Amino acid sequence: TIRRTKISDLSQLPFGTQVSVKGWVRTRRGNKQVSFIALNDGSTINNIQIVADIEQFGDEYLKPVSTGACIHVIGTYVESQGKGQNGEIQAEKIEIYGTADPLEYPLQKKGHSLEFLREIAHLRPRTNTFGAIFRIRHHMAYAIHKYFNDNGFYYLHTPIITASDAEGAGSMFQATTLDLNKVARTEDGSVDYSQDFFGRQTNLTVSGQLEGELGAMALGAIYTFGPTFRAENSNTPRHLAEFWMIEPEVAFYDIHDNMDLAEDFLKYLIRYALDNCKDDLDFLNEMYDKELVERLELVLAHDFVRLSYTEGVKILEESGQKFEFPVYWGADLQSEHERYLVEKHFKRPVIMTDYPKEIKSFYMKQNEDGKTVRGMDVLFPKIGEIIGGSEREADYDKLMNRINEIGMHTDPIWWYLETRKFGTAPHAGFGLGFERLILFVTGMANIRDVIPFPRTPNNADF
Ligand code: ATP
Ligand code: MG
Ligand code: MG
Ligand code: MG
């Protein structure tokens, strides 16, 4: 038997080599003499053309070799007669692993809309589009680990199940083994969690940051990269209920070091995609977004703009633009505002800092003015916020003052507060939404199209 060759590796072989390939049929067309099968095995966007002689195989035999079928082909790798292809395979043997009845198989030759493909998320990886997207997603995940490893960061695994309800208590998913319909309740009607698995209420994490901070104050520089969960009730093209987040956290970094890291990291990832995902990017550029590659190059060409929230609000107020949400000092900026600054005003990515403390989390380092904190958001074209981060408040008293000001419970984060009591250290970090990165790199418009199994309201089937 001949060893299987991946379709991506065929072009390295000399013509005349006998090969074995396995994959899924994209299309089959032809005439009375020959049948042309476009075959893909997921290793590349480029299908290989299989040429099958009708007389040799018989019309009946080739009939089940239809779109979606899985086949094994043994044949000779030869120079293609057709233009635009280097090689094709002259089939000697075709084995059918699995058929796909054309009357039932939902993916047919004609292009399908992304909306339709979302309804068959279990089959859409079989399309060229989703093959390209998920290969790019893989390469980006690898590049993230490579970047941090090369730069002296340790990969610290933070927990998925947590007792902390840190920031957005309302948007957390509960993790419980109790049947909430049957459990004992206290007088005020709240659930008695003492009988639960952990003996207390637990949730799925919304961010690994608080645990990450412990890591930074021990190992120096760490990152987490894992799934996070938010019960986002808004149906937007940028929010998922389950998404992946990359969160570096570094001791002895201030907000400026943090901005430098964010910019260098994002540029590294985009350069990596351009260097390693060329065929897939060219395909997406051609099919969906004619400015994709140009936009990626443009991000690399300039320094990101750095400005304060106060300066940003001023620009927006003076822009004369009609926005859906009003702009005034103290308002949380919406993606329409962020995109205006990036796409219309500066025409390059923006890092905005020094936000009003009321619209940011309790752990951000407070500025002298008593009104703003050293938070930073990185704003990208087409996306808006791609990164949120800050220098953290390292001073125990200041942190506690803020916690009391907003009336937060300290019980679930007692361990976090201890880091400020014992050998506290200045430190900073940020969170990059992995799917927002993939949205930007692939040029896709909807976040549901860049994750294999999107979790959104009323959608957890597959
Ligand atoms: P947004 O303002 O867009 O709701 P956020 O400020 O709530 O984002 P952070 O808590 O700062 O988000 O999280 C860090 C990063 O995680 C964000 O900059 C974004 O890239 C990503 N992110 C946040 N929420 C989601 C989500 N629901 N789905 C996908 N990515 C998300
Ligand atoms: Mg949010
Ligand atoms: Mg935000
Ligand atoms: Mg944010």
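Just so it is clear, the model here is predicted, and its values are computed rather than measured.

In this section: helix H6 (residues 255–276). Here H6 contains 22 residues, and its C-alpha end-to-end distance of 31 Å stays within 8% of the 32 Å for a straight helix at 1.5 Å per residue. The N-terminus of H6 is capped by Asp254, whose side-chain oxygen sits 2.9 Å from the backbone nitrogen of His256.

On to the nonpolar core, then. Within the largest apolar cluster, 67 residues are counted, with the highest numbers of intra-cluster contacts made by Met140, Leu281 and Phe380. The two domains that each donate at least three residues to this core are domain 1 (7–106) and domain 2 (126–171 + 206–449). When sequence neighbours within four positions are dropped, the list of residues in contact with Leu281 reads Ile136, Ala273, Leu274, Leu292, Val293, Leu296 and Val441. By size, the runner-up hydrophobic cluster in this structure holds 21 residues, among which are Val21, Val65, Ala69 and Val73.

As a further point, take the site of ligand 1. In the region of ligand 1, 15 residues are neighbours, and Glu232, His239, Glu385, Ile386 and Arg436 sit closest. Contact distances for ligand 1 include 2.9 Å between a nitrogen atom and a backbone N or O atom of Leu240. The separation between an oxygen atom of ligand 1 and a polar main-chain atom of Gly433 is 3.2 Å. Here ligand 1, which alone exposes 590 Å², has 81% of that area covered by the protein. Elements with a contribution of two residues or more to the shell around ligand 1: strand S11 (242–251), strand S15 (384–391) and strand S16 (427–433). With four residues, the top contributor of residues to the shell around ligand 1 is S15. Taken together, the residues of the shell around ligand 1 break down into six nonpolar, four polar and five charged.

The next point concerns the side chain of Lys267. Locating Lys267 in the fold gives a position in helix H6. Beyond its immediate chain neighbours, meaning those up to four positions away, Lys267 contacts Val299, Leu300, His302, Asp303 and Phe304.

Interaxial distance between helix H4 (residues 128–150) and helix H13 (residues 434–442) falls to 10 Å at its minimum, and their mutual angle equals 125°. Considered as vectors, H4 and H13 are oriented oblique to each other. For H4 against H13, the interelement crossing comes out right-handed. Side by side, H4 and H13 meet where Ile133, Ile136, Arg137, Met140, Ala141 and Ile144 of the first sit next to Phe434, Glu435, Leu437, Ile438, Val441 and Thr442 of the second. Split by residue class, the contact of H4 with H13 holds nine nonpolar, one polar and two charged.

Split by domain assignment, the chain resolves into domain 1 (7–106) and domain 2 (126–171 + 206–449). The C-alpha-based centres of domain 1 and domain 2 are spaced at 45 Å. Each partner contributes residues to the interface: domain 1 has eleven residues there, and domain 2 has eight residues. Buried surface at the junction of domain 1 and domain 2, both sides included, amounts to about 710 Å², of which 41% is carbon and sulfur. There are zero salt bridges connecting domain 1 and domain 2. The interface formed by domain 1 and domain 2 holds five residue pairs in polar contact (both at pLDDT 80 or more) in total. Grouping the constituent residues of the side of domain 1 that touches domain 2 by class yields three nonpolar, seven polar and one charged.

It is worth spelling out the pattern of salt bridges at this point. Enumeration over the complete set of coordinates arrives at 25 salt bridges. Between Asp449 and Arg118 there is a salt bridge, and its shortest N-O distance comes to 2.8 Å. Here Asp449 is found in the segment after H13, whereas its partner Arg118 is found in helix H3 (residues 114–119), with 331 residues between them in sequence. With its nearest N and O atoms 3.0 Å apart, the salt bridge here joins Arg137 to Glu435. In this pair, Arg137 sits in helix H4 while Glu435 sits in helix H13, placing the two residues 298 residues apart along the sequence. Assessed through its relative accessible area of 11%, Arg137 is described here as buried. Each of the salt bridges in this network shares a partner with another, and the network as a whole consists of Glu213, Glu249, Arg392 and Arg420.

Sheet analysis places strand S1 (residues 18–30) next to strand S4 (residues 70–79), joined by seven bridges and oriented antiparallel. Paired with Lys22 across the bridge in S4 is His72. Here S1 runs beside strand S2 (residues 34–40); their pairing, made up of six bridges, is antiparallel. Looking at the pairing, Arg28 lines up with Ile37 of S2. Remark: three residues form the turn of the hairpin made by S1 and S2, two consecutive strands paired antiparallel.

A few words on the sheet that holds strand S12 (residues 305–308). Here we have eight strands laid out as an open sheet, ordered S6-S10-S11-S16-S15-S14-S13-S12, and mixed in their pairing. One side of each edge strand has no neighbouring strand; the edge strands of this open sheet are strand S6 (154–155) and S12. Inspection of the sheet shows strand S14 (residues 372–380) paired to S15 by six bridges, in the antiparallel sense. Following the sheet pairing, Asp377 is matched in S15 by Gly388. Its contacts with the sheet place helix H9 (residues 309–318) against S12 and strand S13 (350–356), and it is angled at close to 95° to S12.

Calculation notes
- The numbering scheme is per chain: residues are counted from 1 as the chain's sequence reads.
- Chains carry letters and ligands carry numbers; both start at the beginning, A for chains and 1 for ligands, and go up in the order they are written.
- Local features in this predicted model are restricted to residues of pLDDT 70 or higher, and side-chain atom pairs are both shown and tallied only at a pLDDT of 80 or more, whereas totals for entire chains, interfaces and linings draw on every residue.
- Excluding hydrogens and water, the side-chain values take into account all heavy atoms of the structure.
- The helix count covers DSSP runs of H or I at least four residues long, the strand count covers runs of E at least two residues long, and both are numbered beginning at the N terminus.
- Here a helix's expected span is defined as the number of its residues, less one, multiplied by 1.5 Å.
- In protein, a polar contact means a hydrogen-donor-capable atom and an acceptor-capable atom, both N or O and within 3.5 Å, with residues adjacent in sequence counting only if both atoms are side-chain atoms; elsewhere, any N or O pair within 3.5 Å suffices.
- As used here, the term nonpolar core means buried Ala, Val, Leu, Ile, Met, Phe, Trp, Tyr and Cys residues forming a set that is joined through side-chain atoms within 4.5 Å.
- We call a residue buried when its accessible area falls under 20% of the maximum for its residue type, exposed when it is over 50%, and partly exposed in between, using a 1.4 Å probe and counting protein chains only.
- An automatic or database domain assignment supplies the start and end points of every domain.
- Here a residue-residue contact requires only that any non-hydrogen atoms of the pair lie within 4.5 Å.
- Here a residue is considered near a molecule or strand provided that any single heavy atom belonging to it is located within 4 Å of it.
- Residue burial considers only the protein chains on display, and all accessible areas are found by Shrake-Rupley using a 1.4 Å probe.
- Think of it as three bins: nonpolar holds Ala, Val, Leu, Ile, Met, Phe, Trp, Tyr, Cys and Pro, charged holds Asp, Glu, Lys and Arg, and polar takes everything else, Gly as well.
- Interaxial angles span 0 to 180 degrees and are taken between N-to-C directions of axes, which are lines fitted to C-alpha atoms, for helices over the stretch in contact.
- In this scheme, roughly parallel covers angles under 35 degrees and roughly antiparallel covers those over 145, while 65 to 115 is roughly perpendicular and the rest are oblique.
- What makes a crossing left-handed is the near helix being turned counterclockwise from the far one by less than a right angle; a clockwise turn instead makes it right-handed.
- For any pair of parts, buried area is found by adding up, for both, the accessible area (1.4 Å probe) each one loses once the two are put together.
- Every case where a carboxyl oxygen of Asp or Glu lies within 4 Å of a side-chain nitrogen of Lys or Arg is listed as a salt bridge.
- Here, any two strands with at least 2 DSSP bridges between them count as paired.

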